[in-house]
Amino acid sequence: MSLIREIDYGTPAPKSDKMVTLSIDGVEISVPEGTSIMRAAMEMGTEIPKLCATDSIEAFGSCRLCLVEIEGRNGTPASCTTPVAPGIKVKTQTPRLKALRNGVMELYISDHPLDCLTCAANGDCELQTQAGAVGLREVRYGYEGKNHFDSQKDVSNPYFAYDPTKCIVCNRCVRACEETQGTFALTIDGRGFASRVSPGQNEPFLQSECVSCGACVQACPTATLIEKSVIEIGQPEHSAVTTCAYCGVGCAFKAEMRGEELVRMVPYKDGKANHGHSCVKGRFAYGYATHRDRILKPMIRASINDPWREVSWEEAIGYAASQFRRIQAEHGRGAIGGITSSRCTNEETYLVQKLIRAGFGNNNVDTCARVCHSPTGYGLSTAFGTSAGTQDFDSIDDTDVMLVIGANPTDGHPVFGSRMKKRLREGAKLIVIDPRRIDLVETPHVKADFHLPLRPGCNVAVVTSLAHVIVTEGLVNEAFVRERCDAQEFADWAAFVSEPRHSPEEVEKISGVPAELVRGAARLYATGGNASIFYGLGVTEHSQGSTTVLAIANLAMATGNLGRPGVGVNPLRGQNNVQGACDMGSFPHEFSGYRHVSDEDTRAVFENMWGVALDHEPGLRINNMLDAAVDGVFRGIYIQGEDILQSDPDTKHVADGLAAMECVVVQDLFLNETANYAHVFLPGSTFLEKDGTFTNAERRIQRVRKVMTPLNGYGDWEITMMLSNAMGYPMNYSDPSQIMDEVALTTPSFAGVSYAKLEAEGSVQWPCNDNAPHGTPVMHIGGFVRGKGKFVVTEYVATDERAGPRFPLLLTTGRILSHYNVGAQTRRTANVAWHPEDVLEIHPYDAEQRGIVAGDWVRLHSRAGETTLRALITDRVAPGVVYTTFHHPLTQANVVTTDFSDWATNCPEFKVTAVQVSRSNGPASEWQESYRQHAEQSRRILEGADAAE
């Protein structure tokens, strides 16, 4: 295995279809109009020396190394900023050019430390390479003159170092921060010889606005900005392309290695989801894979009050299987079930649901999508016929109007958030519907045209009010509706939304959003050109989550914003493979490909493949399993890679349900919060230790490739297979590719997917089958999957969770850039430098009324429970609204959330909880303290002689 080297063409590729023919060094070449001479030369294999140019950012023309001669033109223009022209004749190497480049390089080297042998970038330094390329052999000026060798290093960032002594002021880092990331955190400070890169106002990197995405490090041609891991370990020797295991964007990375030690994760330029960009999590936060907290040996215990005892894999698997068989013998086939993981691969989740359906003999299988995006599945399948987003991420380049509702892309999906910001800087318009002022509302060079700060729980009312304006003002795309949608259902819906009670003026009384904002946003969405809707958990995690998804679908159909690039309805999935987990049949009522278990033809496909009769009745959802456990009829559960105690609502109820079970098997990397109630712990493997596929939010199926031996001994798919075999249902796969082959045989939307195709094409988007052999970037072109688009009346029903005298504030929750989900992975990395604890955002007015000042410990109290955390006073939230994250188990934020849920899918109502906030004397509520004691007790592991006894 060798190190993957990517070609740098110097400048981005143009989008023109018109071709231009020119001559370079006597060779004719045809390239698209707008191509730079530098890129054209590179495409024919001629590399023109360069330092300030790289193909991820626009040409700058400052280094003066890439000079060329053009016959009939005066001077020596920069090839990076000079576009091709028909018939021109270019020379890239002449005595004149050689002398000029040599002189320029000599000046660079005269102010650069000559420590190449000990420099961390040795062997991967463009200055070093280009000095050789121009033939520099001596520096005539000496090193006694004025220089920058005494500049101070900045090592404040936990992941990379900044050494200004090696800076050549090429501006690549500054431009990458602006063009690629869109943060504008870097600038060139000073003028002339005093020029140097500066984060913010000469602040250390850690205290600046830098979000540690790594774009500047990636762009730097020297060791000025370099990963600390490279400094410590050395240059990598081999690499493999894999897929990030954090959010649903699905960024492709090169895992660069020395032996089995990971040196760095480098965003892969050919990754079709990220195009060479990254965020702090995927780029740097991989240290959890080798963290000392990882459990590497199986463990069992008879009671959750007992300490853990390390055992062999054979004993652990045998014990779990025997307990499950005993429970079924005593309490019936339906007394056990399982939960698949949205962090594991498609192949692994497919095996878990297969184990439960074929091995356990029931459909008691669910996944974390139950508590995040299950309304997406219900709403989009009802309206369009498929349970997924309609576009690819590249579609954003053709979008004129973005409507972002209940999502915070710059924190939750940062690489796509950067794409959005770039398109907004190019002139696209933005509507944000969110109770909180997210970064997209106003950041450098980006400002929303409309921010609708609605009260939590009013999504349906506001989206229906947008529809009211569109229908009553004659903004409906009648041709699209007539051709593509059910006419009677549209007529019924149009009459419904036209009722005066849905007018912006009436809805303002409910939502608090000024009517003129709603009217302006509706007109912009309907008339502003290609319009795309992006939504997240702020839509789905409500008692009317499914209704809001349907209302969004109605809006898109009414305006004709479906079925072509630049438009669509796009759920931003939270976890790396939550889309894939749903695709693979992780819901109790559906097989893979979203086909109901009651369908005889579908069931026959699986019965023939699996060799057993399958239950035709839907199984239990997660919340049903917990309720049944408390009632004493559900006794055992297999949980692969999910921490339901921290991530699911009403923590006390989850704890009661788990405590009531006789056998809880947890398969994970760490002793997470759910494992406090487990009887068997099966150590899992990280994405670096396994082969398989993930499916991201745009339905893109991508390879995950093993770069190191599993520290626990097995991939997660192998562990499930061992458990199945011990249960008496044989599985005999020798490689994950065989599992994907089975998925392709049983699942129409995956019929054309294979590892061979993924190797050849890099990735594909389902549906991928005979009708779409190369996948489907844009869905519903020419017609909906279900036939006619279905309009559904979306009646607003206020949640039962309402503010009142005892609980006058509304709590809503979300995520933050530096952490992922429950934080089990990111808390075990240096990302805690940015977010060491969950805090409660509260408006200055509400804080003043309660005598709260910034940093105070406060008591957050609801009808369900209470917790304590520190206060952050900010006007990001409106008066009457408070906000927190759920990344830290010490906070136990879900202690206060209730068991109210979506009417169609039981997705919890995380986003609306009536609370009271008051000052607290300390950092622990009664629940937190009792839970801390329980966690400490349940995480004891017997050692040595004690274990042997």
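Above this note sits the structure.
Rules and cut-offs
Residues numbered from 1 in each chain as written. Predicted model: local features only at pLDDT ≥ 70, side-chain atom pairs only at ≥ 80, totals over all residues. Heavy atoms only, no water. Pairing = 2+ DSSP bridges. Helix = DSSP H or I, 4+ residues; strand = E, 2+ residues; numbered from the N terminus. Expected span 1.5 Å × (residues − 1). Buried < 20%, exposed > 50% of the residue type's maximum accessible area, 1.4 Å probe, protein only. Salt bridge = Lys/Arg side-chain N within 4 Å of Asp/Glu carboxyl O.

1. Overview of the sheet that holds strand β15 (residues 365-367)
Then comes step 1: Pairing in this open sheet of 7 strands is mixed, and the strands run β13-β12-β27-β26-β25-β14-β15 from one edge to the other. Strands with a single pairing partner mark the edges of an open sheet, and in this sheet they are β13 (309-310) and β15.
Then comes step 2: Taken together, the 2 bridges between strand β12 (residues 299-300) and strand β27 (residues 680-683) define a ladder with antiparallel strand orientation. Note that in β27 the partner of M299 across the bridge is F681.

2. Things to note about helix α17 (residues 515-527)
Then comes step 1: Compared with an ideal rise of 1.5 Å per residue, which puts 13 residues at 18 Å, α17 spans 18 Å between its outermost C-alpha atoms and is within 8% of the ideal.
Then comes step 2: Considered for burial, the residues of α17 that qualify are A515, V518, R519, G520, A521, A522, L524, Y525 and A526.
Then comes step 3: A positive backbone phi angle near 105 degrees is found at G529, which sits one or two residues after α17.

3. Let's talk about the pattern of salt bridges
Then comes step 1: Overall, the coordinates contain 53 salt bridges when judged by the stated rule.
Then comes step 2: The shortest N-O distance in the salt bridge between D397 and K15 comes to 3.9 Å. Of this pair, D397 sits in the loop between α10 (374-383) and β16 (401-405) while K15 sits in the segment before β1 (19-24); the two residues are 382 residues apart in sequence, bridging distant segments of the chain.
Then comes step 3: Exposure remark for D397: the relative accessible area of 31% places this residue in the partly exposed category.
Then comes step 4: Residue K15 is classed as exposed on the basis of its relative accessible area, which comes to 70%.
Then comes step 5: Of the charged contacts in the structure, one is a salt bridge between R333 and D615, with a shortest N-O distance of 3.8 Å. Within this pair, whereas R333 is found in the loop between α8 (313-331) and β14 (336-340), its partner D615 is found in the loop between α21 (600-610) and α22 (622-630), the two being separated by 282 residues in sequence.

4. Describing helix α12 (residues 414-425)
Since the α-helix packs 3.6 residues into each turn, any two residues three or four apart lie on the same face.
Then comes step 1: Between its terminal C-alpha atoms α12 stretches 16 Å, which fits the 16 Å expected from 12 residues at 1.5 Å a residue.
Then comes step 2: Counting buried positions along α12 gives 10 out of 12 residues, so the element sits mostly inside the fold.
Then comes step 3: Restricting attention to buried positions, one finds in α12 the residues P414, V415, F416, G417, S418, R419, M420, K421, R423 and L424.

5. Topic: the sheet that holds strand β4 (residues 89-91)
Then comes step 1: With mixed pairing, the 4 strands of this open sheet are ordered in space as β2-β1-β4-β3. Both outer strands of the open sheet, β2 (27-32) and β3 (69-70), are each paired with one neighbouring strand and no more.
Then comes step 2: Judged from the 2 bridges that link them, β3 and β4 form a sheet pairing that is antiparallel. Counterpart to I70 in the pairing with β4 is V90.

6. Topic: the pairing of strand β29 (residues 700-704)
Then comes step 1: When you tally the buried positions in β29, you get 5 out of 5 residues, the bulk of the element.
Then comes step 2: Side-chain alternation along β29 places R700, Q702 and V704 on one buried face and I701 and R703 on a second face that is also buried.
Then comes step 3: Bridge count for strand β28 (residues 692-695) against β29 is 4 bridges, and the pairing is antiparallel. Within β29, the residue paired with F694 across the bridge is Q702.
Then comes step 4: Connecting β28 to the next strand, β29, in antiparallel fashion are 4 residues, including R699 with a positive phi near 70 degrees.

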